[in-house]
Amino acid sequence: DIQMTQSPSSLSASVGDRVTITCRASQSISTYLNWYQQRPGKAPKLLIYAASSLQSGVPSRFSGSGSGTDFTLTISSLQPEDFATYHCQQSYTTLTFGQGTRLEIK
Amino acid sequence: QLQLQGSGPGLVKPSETLSLTCTVSGASISSSSHYWGWIRQPPGKGLEWIGSIYYSGSTYNNPSLKSRVTISVDTSKNQFSLKLTSVTASDTAVYYCAMEGSMGAGIRVFNYWGQGTLVTVSS
């Protein structure tokens, strides 16, 4: 299986901050990389697919980039509703997720 | 509006079989070109894909669980189900059902999710 490693595991930030979360694959996955947001007690929600394509209805402050093994999710200006856990997921081979990055209010 | 509703026992004894069902509303499983999947999340941990099924009954599963997993579909009830045999405490998790969509060129995503069902394995 392809291992997905996210960093950091947790992050504290303030409203209005620019935040970047990284996801690294154990082997090249081209752009077969998706990002999800999960609020406490809720199911994950798709944010970004194919590394950089914004899912319909997702605010434009979210963006994704990368290819091969290294990917980033950026939130340009944090809003209160963005404090959540973020997961990456690859679909190059057997579907696997990263361990999650918890974004907390500073 | 597509909705998925998972259901099943919240407590299963060790060595027994975990059984969950997901009921789909707002779309017909048999007229959709999507796969339907199960994903789980142990308390405080990340997500793990379990497996997915097409309305025809074609399945593909996570090799790490494959020998213990059976996923089936009942198009007459617009439902799909998960059975996980020989459970242990490490199978304690929130189990989500979800629609697996293709965004083209093999990009597979889960774009609709059920609310999640907490299953605890304990005697």
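Scroll up to find the structure.
Residues numbered from 1 in each chain as written. Chains lettered and ligands numbered in written order. Predicted model: local features only at pLDDT ≥ 70, side-chain atom pairs only at ≥ 80, totals over all residues. Heavy atoms only, no water.

### Describing the sheet that holds strand β8 (residues 70-75) of chain A
Residues and elements named next belong to chain A. Spelled out, the test is: Any two strands with at least two DSSP bridges between them are considered paired. Runs of E in the DSSP output that reach at least two residues are strands. Runs of H or I that reach at least four are helices, and both are numbered from the N terminus. Every angle, taken between N-to-C directions, lies between 0 and 180 degrees, and every axis is a line fitted to C-alpha atoms, over only the stretch in contact when it is a helix.
Taken in spatial order, the four strands of this open sheet run β1-β3-β8-β7, and their pairing is antiparallel. Bordering the open sheet on either side are β1 (4-7) and β7 (62-67), each of which pairs with just one other strand. When strand polarity is set aside, the average angle formed by the axes of neighbouring strands in this sheet is 20°.

### Topic: the packing of aromatic side chains
Residues and elements named next belong to chain B. Counted only if it meets this: Pairing of aromatic rings covers Phe, Tyr and Trp, the last counted by its six-membered ring, and requires centre-to-centre distances within 6.5 Å; plane angles under 30 degrees mean stacked, over 60 mean edge-to-face, and any other angle means tilted. Per-residue accessibility, obtained with a 1.4 Å probe over protein chains only, is compared with the maximum for each type, and a residue is labelled buried under 20%, exposed over 50%, and partly exposed between these values.
All chains considered together, the criterion is met by 13 aromatic pairs over all chains. Both rings, one in Tyr 35 and one in Tyr 60, keep their centres 5.4 Å apart while their planes meet at 90°; by these two values the pair is edge-to-face. Here Tyr 60 lies in strand β6 (residues 59-61) and Tyr 35 lies in strand β4 (residues 35-41), a separation of 25 residues in the sequence. Overall, the relative accessible area of 25% leaves Tyr 35 in the partly exposed class.

### Here we look at unusual backbone geometry
Following Ser7(A), the chain continues to Pro8(A) via a peptide bond in cis, the omega torsion being -5°. Mapped onto the fold, Pro8(A) is located in the loop between β1 and β2 (10-13). Non-glycine residue Ser86(B) carries a positive phi angle of around 50°. Along the chain, Ser86(B) falls in the loop between β8 (79-84) and β9 (93-102). The partly exposed category is assigned to Ser86(B), whose relative accessible area is 44%. Of note, Ala105(B) is a non-glycine position whose phi angle comes to about 55°, a positive value.

### Here's the deal with the interface of chain B and chain A
Heads up, the condition is: It only takes one pair of heavy atoms within 4.5 Å for two residues to be counted as in contact. By convention, the term buried area covers the 1.4 Å-probe accessible surface removed from two parts as they join, with the contributions of both added. Salt bridges, as used here, are contacts in which a Lys or Arg side-chain nitrogen is within 4 Å of a carboxyl oxygen on Asp or Glu. Contacts described as polar in this section are N or O atom pairs within 3.5 Å, which, within protein, must combine one atom able to donate a hydrogen with one able to accept it, while residues neighboring in sequence count only if both atoms come from side chains. When residues are sorted by character, Ala, Val, Leu, Ile, Met, Phe, Trp, Tyr, Cys and Pro go into the nonpolar class, Asp, Glu, Lys and Arg into the charged class, and all the rest, Gly among them, into the polar class.
Between chain B and chain A, the residue contacts involve 21 residues of the former and 23 residues of the latter. A buried area of about 1,700 Å², summed over both sides, lies between chain B and chain A, and 63% of it is on carbon and sulfur atoms. At the surface where chain B touches chain A, the tally comes to zero salt bridges. For the pair chain B and chain A, the interface holds eleven residue pairs in polar contact (both at pLDDT 80 or more). Listing elements by their share of the side of chain B that touches chain A, those giving two or more residues are β4, β5 (48-53), β9 and β10 (108-113) of chain B. Top element by residues in the side of chain B that touches chain A is β10(B). It accounts for five residues. Within the side of chain B that touches chain A, the residues separate by chemical class into twelve nonpolar, six polar and three charged.

Take it as geometry only, folks, not as evidence of what the structure does.
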